[in-house]
Structures are given as C-alpha cells and as structure tokens.
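In case you want the letters, here they are:
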Amino acid sequence: MSGSTESSVLERKASLLRLESETQKLEYKLGEKPIYIVGRERECDVCVYISSEISRKHAEIKRSGNAVYQIRDLGSKNGTYINGKRIGDSFCSLKNNDKVGLGLHVSFVFKQGMS
C-alpha cells in the first residue's frame, strides 16, 4: 500500500487499542473524549482486569488536536511501556502500531486513525 493510500485509509478509521491474549480479546475505540484512564477498575475508560499486574488506575491516554494521542504512567507499580521502553509520568506520543505494555505481560497495539 502506498503512503498516501494508507494515510487516507487511516483517516477514515477511529483510533483504537487492541489486546489479544490467550484468555481475552479486547478492542477499545478511542473517540472524542480528551482523557482515557486505563486500569483494572471497572470505572476506567479502558478496563483491563486480566492481570493483577495492572494497577487500578495504571495509565492515562490524552487526545489532543487532530486525533493525536499521548500516554503516561500514573505511578503504577509495574510500569507502562511503549515498544519495550518504560515511560514515566510525562506524556509520550503514540504512533500507529506502537506496542503499549502494561507491566511486563499485558500489551496492546495502538492503531492510529482519525476521527
């Protein structure tokens, strides 16, 4: 697929987080909200309860501008990672196909699209 064709396809799709584990397949659409909380509490916008390694409120995803997403760790015990690199409490940009790790054993793939 050429770069311009791929870009136009992404523009028609919503951004999402996709998790596929041995026990669960989850897909979370990221829409118009400015902030999404990721964690194992049922009140979280992205509720991932498959592992005690995930904190109650583990990470925060912020939407800004033209469907640009950033993520930061919320002081979780087991950390938040992008493509294997641990991030801290400062926001880091997410790019298409980034692997977002919550601790060492749970990860999502970020799929960029534009709302």
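Residues numbered from 1 in each chain as written. Predicted model: local features only at pLDDT ≥ 70, side-chain atom pairs only at ≥ 80, totals over all residues. Heavy atoms only, no water.

Trainee: Give me the overall build of the chain: which residues, what numbers.
Mentor: Broken down by element type, the chain carries one helix and 11 strands. In the chain, the succession of α and β elements from N to C terminus is α-β-β-β-β-β-β-β-β-β-β-β. Per-residue burial for the chain yields a buried fraction of 42% across its 115 residues. Residue pairs in contact within the chain that sit at least 24 positions apart in sequence constitute 37% of those at least 6 positions apart. (Helix = DSSP H or I, 4+ residues; strand = E, 2+ residues; numbered from the N terminus. Buried < 20%, exposed > 50% of the residue type's maximum accessible area, 1.4 Å probe, protein only. Contact = heavy atoms within 4.5 Å.)

Trainee: Can you explain the nonpolar core? Please cite residues and give values.
Mentor: Within the largest apolar cluster, 24 residues are counted, with the highest numbers of intra-cluster contacts made by Leu17, Val48, Tyr69, Ile71 and Phe108. Those elements giving two or more residues to this core turn out to be β1 (15-20), β2 (25-30), β3 (35-39), β4 (46-47), β5 (59-64), β6 (68-73), β10 (99-102) and β11 (106-111). Excluding residues that lie within four positions of it along the chain, valine 48 makes contacts with Tyr28, Val38, Gly39, Arg40, Ile54, Leu102, Val106 and Phe108. (Core = buried A, V, L, I, M, F, W, Y, C linked by side-chain atoms within 4.5 Å.)

Trainee: Quick rundown of the pairing of β11? Include the residues and the values.
Mentor: Burial of the side chains of β11 is restricted to one face: Val106, Phe108 and Phe110 are buried, whereas none of Ser107, Val109 and Lys111 on the reverse face is. Sheet topology note: the β10/β11 ladder contains four bridges and is antiparallel. Counterpart to valine 100 in the pairing with β11 is phenylalanine 108. (Pairing = 2+ DSSP bridges.)

Trainee: Describe the side chain of serine 55, listing the residues and the values that go with them.
Mentor: In this structure, serine 55 sits in the loop between β4 and β5. Note on serine 55: relative accessible area 16%, which makes it buried. Each residue touching serine 55, except ones within four places of it in the same chain, is listed here: Gly39, Arg40, Ser76 and Lys77.

Trainee: Explain the environment of serine 93 to me, using residue names and the numbers behind them.
Mentor: Within the secondary structure layout, serine 93 lies in strand β9 (residues 92-93). Judged by its relative accessible area of 35%, serine 93 falls in the partly exposed class. Each C-alpha atom of the pair serine 93 and arginine 72 lies 9.1 Å from the other, and the pair is 21 residues apart in sequence.

Trainee: How would you explain the sheet that holds β3 if you had to name every residue and give the values?
Mentor: Taken in spatial order, the five strands make up an open sheet running β4-β3-β5-β6-β9, and their pairing is mixed. Pairing within the sheet leaves two strands with one partner each, and these edge strands are β4 and β9. Direction of pairing for β6 relative to β9: antiparallel, over a ladder of two bridges. From the neighbouring strand, glutamine 70 faces β9, where its bridge partner is serine 93.

Trainee: A description of the side chain of histidine 58 should follow, citing residues and the corresponding values.
Mentor: Residue position: histidine 58 is located in the loop between β4 and β5. Taking the relative accessible area as the measure of exposure, histidine 58 reaches 0% and is therefore buried. A distance of 3.0 Å separates a polar atom in the side chain of histidine 58 from the backbone nitrogen of serine 55. At 3.4 Å, the side chain of histidine 58 forms a polar contact with the side chain of threonine 80. In this view, histidine 58 contacts Val38, Gly39, Glu53, Asp73, Leu74, Ser76, Gly79, Thr80, Leu102 and Gly103; residues no more than four positions away in its chain are not counted. (Polar contact = N/O pair within 3.5 Å; in protein donor to acceptor, adjacent residues only side chain to side chain.)

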